[in-house]
Amino acid sequence: MNILISNDDGVFAPGILAAKQAVEDLANVTVVAPDINNSSVGRRITLFKHLKLQSCELEDGSPAYSVSGTPADAVIVGVDYVMDEKPDLVISGINQGVNISCDITSSGTVCAAFEAVSLGIPAIAVSLFIDPKTAYKQDENGEWYVDYDFELTKKVLRELVLKIIDEGFPDGVDLFNLNVPSNYDSEDVKITKLSNKMLDKHVIDNTNEEKAELFNYPLDENQKSDDLIMITSNLFQEYEEGSDGYALFVEKCPSLTPLKVNMTYEDLKDWK
């Protein structure tokens, strides 16, 4: 089996190494990912511009490729240029942050998986929900860092790939969206549906120097204070039972959502 691994956090992000480690003994693994963080870029593709492809090494010394483009770009380059033959599966992740609900269309992680499906390749998007109450820690010098615990995510991802190797994808399913909480109470994976939304989005009108300093967004000499309008977001708090958000935040267990790329609503025959 040949597997292509990509992500949106960048080729040197710890999550992509964790994904490779989860499946590297099950298949021939190729890693192609953006050279820098490309979170929340959706399925953007770079057209009519040159992309730079470079070979590099992951932290464990294994080979990888970086692309000066988006996650979707990286998948296309990996499939059509880097790999000698079309992969049997694309894995996007492990993303350092949750990707759930109908907001997934803005996710570079999930949309890399969408791009794989458009190329005729089944895919898995996988993300780690990081609980800020437990993940943020201080080192001996008092410096804050994020403790990414990928162990359960790697375990679930590996089991999912093994099941796909044995049984293939279920009929009608194009890709799986897997989310695993860092603060889990149960390792049992719930098959879920998309929540209606993940983020509450707000606009901050940051139009004077005093507010700019308050939001740690200092003005430079070319920037006017009335240019500073920022969009911010917070995690939505209420999720219906059976949804991905309910599994993650209420039941505190891994969520696996089967998805189809074709979004057509077909039952509209009587509508005029």
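Since the structure is predicted, the reported quantities are computational estimates derived from the model, not experimental observations. (Residues numbered from 1 in each chain as written. Predicted model: local features only at pLDDT ≥ 70, side-chain atom pairs only at ≥ 80, totals over all residues. Heavy atoms only, no water.)

Draft legend 1. Layout of helix 3 (residues 108-118). With 10 of 11 residues buried, helix 3 is to be regarded as a mostly interior element. For helix 3, the set of buried residues is Gly 108, Thr 109, Val 110, Cys 111, Ala 112, Ala 113, Phe 114, Glu 115, Ala 116 and Val 117. Buried-residue contacts for helix 3 involve helix 2 (71-82), strand 5 (89-96), strand 6 (123-129) and strand 9 (175-181). Looking one or two places after helix 3, you find Gly 120, whose phi comes out positive at around 85 degrees. (Buried < 20%, exposed > 50% of the residue type's maximum accessible area, 1.4 Å probe, protein only. Helix = DSSP H or I, 4+ residues; strand = E, 2+ residues; numbered from the N terminus. Contact = heavy atoms within 4.5 Å.)

Draft legend 2. Main features of the packing of aromatic side chains. Counted by the stated rule, this structure contains four aromatic pairs. Their ring planes at 35 degrees and their centres at 5.1 Å tell us that Phe 169 and Phe 176 sit as a pair that is tilted. Summarising the burial analysis for this pair, Phe 169 and Phe 176 share the class buried. Taken together, a centroid distance of 5.3 Å and an interplanar angle of 35 degrees make the contact between Tyr 239 and Phe 249 tilted. Remark: Phe 249 occurs in helix 7 (residues 244-249) and Tyr 239 occurs in the loop between strand 12 (229-235) and helix 7; sequence separation between them is 10 residues. Relative accessible area serves as the criterion here: at 11%, Tyr 239 is assigned to the buried category. By relative accessible area, which is 22% here, Phe 249 ends up partly exposed. Cluster of aromatic residues (ring-pair linked, three or more members): Phe 129, Tyr 239 and Phe 249. (Phe/Tyr/Trp six-rings, centres within 6.5 Å; stacked < 30°, edge-to-face > 60°.)

Draft legend 3. Summary view of the side chain of Asn 183. Examined against the element boundaries, Asn 183 turns out to sit in the loop between strand 9 and strand 10 (190-191). Setting aside residues no more than four positions away along its own chain, Asn 183 makes contact with Phe 129, Asp 131 and Lys 252.

Draft legend 4. Structural detail: the sheet that holds strand 6. Pairing is mixed across the open sheet formed by nine strands, whose spatial order is 3-4-2-1-5-6-9-13-10. Strand pairing shows two members of the sheet lacking a second neighbour, strand 3 (53-57) and strand 10, which therefore form its edges. For strand 9 and strand 13 (residues 255-259), the ladder comprises five bridges, and the chain directions are antiparallel. Each bridged residue has a counterpart across the sheet, and for Leu 175 the counterpart in strand 13 is Leu 259. Sheet contacts for helix 1 (residues 14-23): strand 1 (2-6), strand 2 (28-34) and strand 5; angle to strand 5, the most-contacted strand, approximately 135 degrees. Contacts from helix 3 reach strand 5, strand 6 and strand 9 within the one sheet, and its direction differs from that of strand 6 by about 170 degrees. (Pairing = 2+ DSSP bridges. Axes fitted to C-alpha atoms, helices over the stretch in contact; angles between N-to-C directions.)

Draft legend 5. View of a nonpolar patch on the surface. Residues Met 1, Leu 162 and Ile 165 make up a contiguous nonpolar surface patch of roughly 220 Å² in combined accessible area. Considering the arrangement of structural elements, one finds Ile 165 in helix 5 (residues 151-167). (Patch = residues over 30% accessible without salt bridge, like charges linked within 9 Å, V, L, I, M, F, W, Y side chains within 5 Å. Areas by Shrake-Rupley, 256 points an atom, 1.4 Å probe, with all protein chains shown as cover. Salt bridge = Lys/Arg side-chain N within 4 Å of Asp/Glu carboxyl O.)

Draft legend 6. Quick look at the side chain of Ser 127. By the element assignment, Ser 127 lies in strand 6. Side-chain polar atoms of Ser 127 contact the side chain of Asn 99, separated by 3.0 Å. When sequence neighbours within four positions are dropped, the list of residues in contact with Ser 127 reads Ile 94, Asn 95, Gly 97, Val 98, Asn 99, Thr 109, Thr 153, Leu 178, Asn 179 and Val 180. (Polar contact = N/O pair within 3.5 Å; in protein donor to acceptor, adjacent residues only side chain to side chain.)

Draft legend 7. Quick peek at the environment of Pro 254. Residue placement: Pro 254 occurs in the loop between helix 7 and strand 13. Residue class for Pro 254 comes out buried when judged on its relative accessible area of 0%. When the C-alpha atoms of Pro 254 and Ile 3 are compared, they prove to be 23 Å apart, with 251 residues separating the residues in sequence. When near neighbours in sequence (up to four residues on either side) are disregarded, Pro 254 contacts Leu 152, Val 156, Asn 179, Val 180, Pro 181, Ser 186, Glu 187, Asp 188, Val 189 and Lys 190.

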